[in-house]
Amino acid sequence: MNPRFVVAGLALAAAACSGGSNVHVQTESAPSFSTASRSTFRILPVPSRSDGASLGSNDPMLANSITNQKLREDVRQALEARGYRPADGERADLDVAVYAAANQALDIRTYNYGYTWRGWPREYTSVTPYEKGTVIVDLVDPGSRQLLWRGQGVAQVSNNPNKYVNELGKVVNSIAKKLPAAHS
């Protein structure tokens, strides 16, 4: 086999496993949640403390109005794509809360070569630090304030602010794909 093909294949496999575009989504809904009578939404404002400071992340990538506006716009577009309408001046059927956080994580991989040398296993462990972004989208009943549905997406994100915002948008879209569509 040509060594160039082996090297190219290994490079493609490494790129596929690097995790940059993998989004892990988990959802949970209340047993009584139905979209039958729910077609409008309003996105709740970002909560703040009594001193005016925003609650949430200390991450400077998230704690700015540009990123928060883009994230909330991505959520709005994703909900509209699933058939929900923004509640303009009317009472919404759903309140939407959006949370985001980013923190350091480690990618730890152990490679076992399948043989031993003088009784010692032949292994190699690589440890790669990366930034992990988490987005949570909650659908809340406006009357009872009960949580009806939660979608959580986690993915590796970039330190580049422009790429970071786009990657959070991909997380939002992955979450929205799991959201039940609105009934007209």
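Bear in mind the structure is a predicted one, so any value in this text is a computation, not a measurement.

What to know about the overall build of the chain
Tallying secondary structure elements over the chain gives 3 helices and 6 strands in all. Looking at the chain residue by residue over its 184 residues, the buried ones come to 33%. Summarising the internal contacts of the chain: among those between residues at least 6 apart in sequence, 70% fall at separations of at least 24. Surface accessibility of the chain: about 11900 Å² in total, with carbon and sulfur atoms responsible for 52%.

So, the side chain of Thr35
Secondary-structure assignment places Thr35 in the loop between β1 (23–29) and β2 (40–43). Looking at Thr35, its side chain comes within polar contact range of the main-chain oxygen of Ala181, at 3.1 Å. In this structure, Thr35 is in contact with Tyr84, Pro180, Ala181, Ala182 and His183, ignoring residues within four places of it in sequence.

Re the packing of aromatic side chains
To describe a pair of aromatic rings, one takes the distance between the centres and the angle between the planes. Evaluation of the coordinates by the stated rule reveals 1 aromatic pair. For the ring pair Tyr111 and Tyr124, a centre distance of 6.1 Å and an interplane angle of 20° mean the geometry is stacked. Residue Tyr111 is found in strand β4 (residues 94–117), and its partner Tyr124 is found in strand β5 (residues 120–140); the two are separated by 13 residues along the sequence. What makes Tyr111 partly exposed here is its relative accessible area of 38%.

Topic: the pattern of salt bridges
Under the counting rule described, the total for this entry stands at 8 salt bridges. For Arg38, the salt bridge identified is with Asp141, shortest N-O distance 2.9 Å. Pair noted here: Arg38 is in the loop between β1 and β2 and Asp141 is in the loop between β5 and β6 (147–157), with a separation of 103 residues, a long-range link. Each member of the pair, Arg38 as well as Asp141, is classed as buried. Residues joined by salt bridges that share partners form a network here, namely Arg42, Asp95 and Arg145.

Considering the pairing of β5
Bridge count for β5 against β6 is 10 bridges, and the pairing is antiparallel. Paired with Lys132 across the strands is Gln156, a residue of β6. The turn joining β5 and β6, which pair antiparallel and follow one another in sequence, is formed by 6 residues; a positive phi near 65° is taken by Arg145.

A look at helix α3 (residues 161–177)
Helix length check: α3, at 17 residues, gives a terminal C-alpha distance of 25 Å against a target of 24 Å (1.5 Å per residue), a fit within 8%. Of all the positions in α3, only Tyr164, Val165, Glu167, Leu168, Gly169, Val171, Val172, Ser174, Ile175 and Ala176 are classed as buried. Put simply, Asn160 is the residue that caps the front of α3, since its side-chain oxygen is 2.8 Å from the backbone nitrogen of Asn162.

Scoring rules and cut-offs
Residues numbered from 1 in each chain as written. Predicted model: local features only at pLDDT ≥ 70, side-chain atom pairs only at ≥ 80, totals over all residues. Heavy atoms only, no water. Helix = DSSP H or I, 4+ residues; strand = E, 2+ residues; numbered from the N terminus. Buried < 20%, exposed > 50% of the residue type's maximum accessible area, 1.4 Å probe, protein only. Contact = heavy atoms within 4.5 Å. Areas by Shrake-Rupley, 256 points an atom, 1.4 Å probe, with all protein chains shown as cover. Polar contact = N/O pair within 3.5 Å; in protein donor to acceptor, adjacent residues only side chain to side chain. Phe/Tyr/Trp six-rings, centres within 6.5 Å; stacked < 30°, edge-to-face > 60°. Salt bridge = Lys/Arg side-chain N within 4 Å of Asp/Glu carboxyl O. Pairing = 2+ DSSP bridges. Expected span 1.5 Å × (residues − 1).

This is a description of form; function is not addressed.
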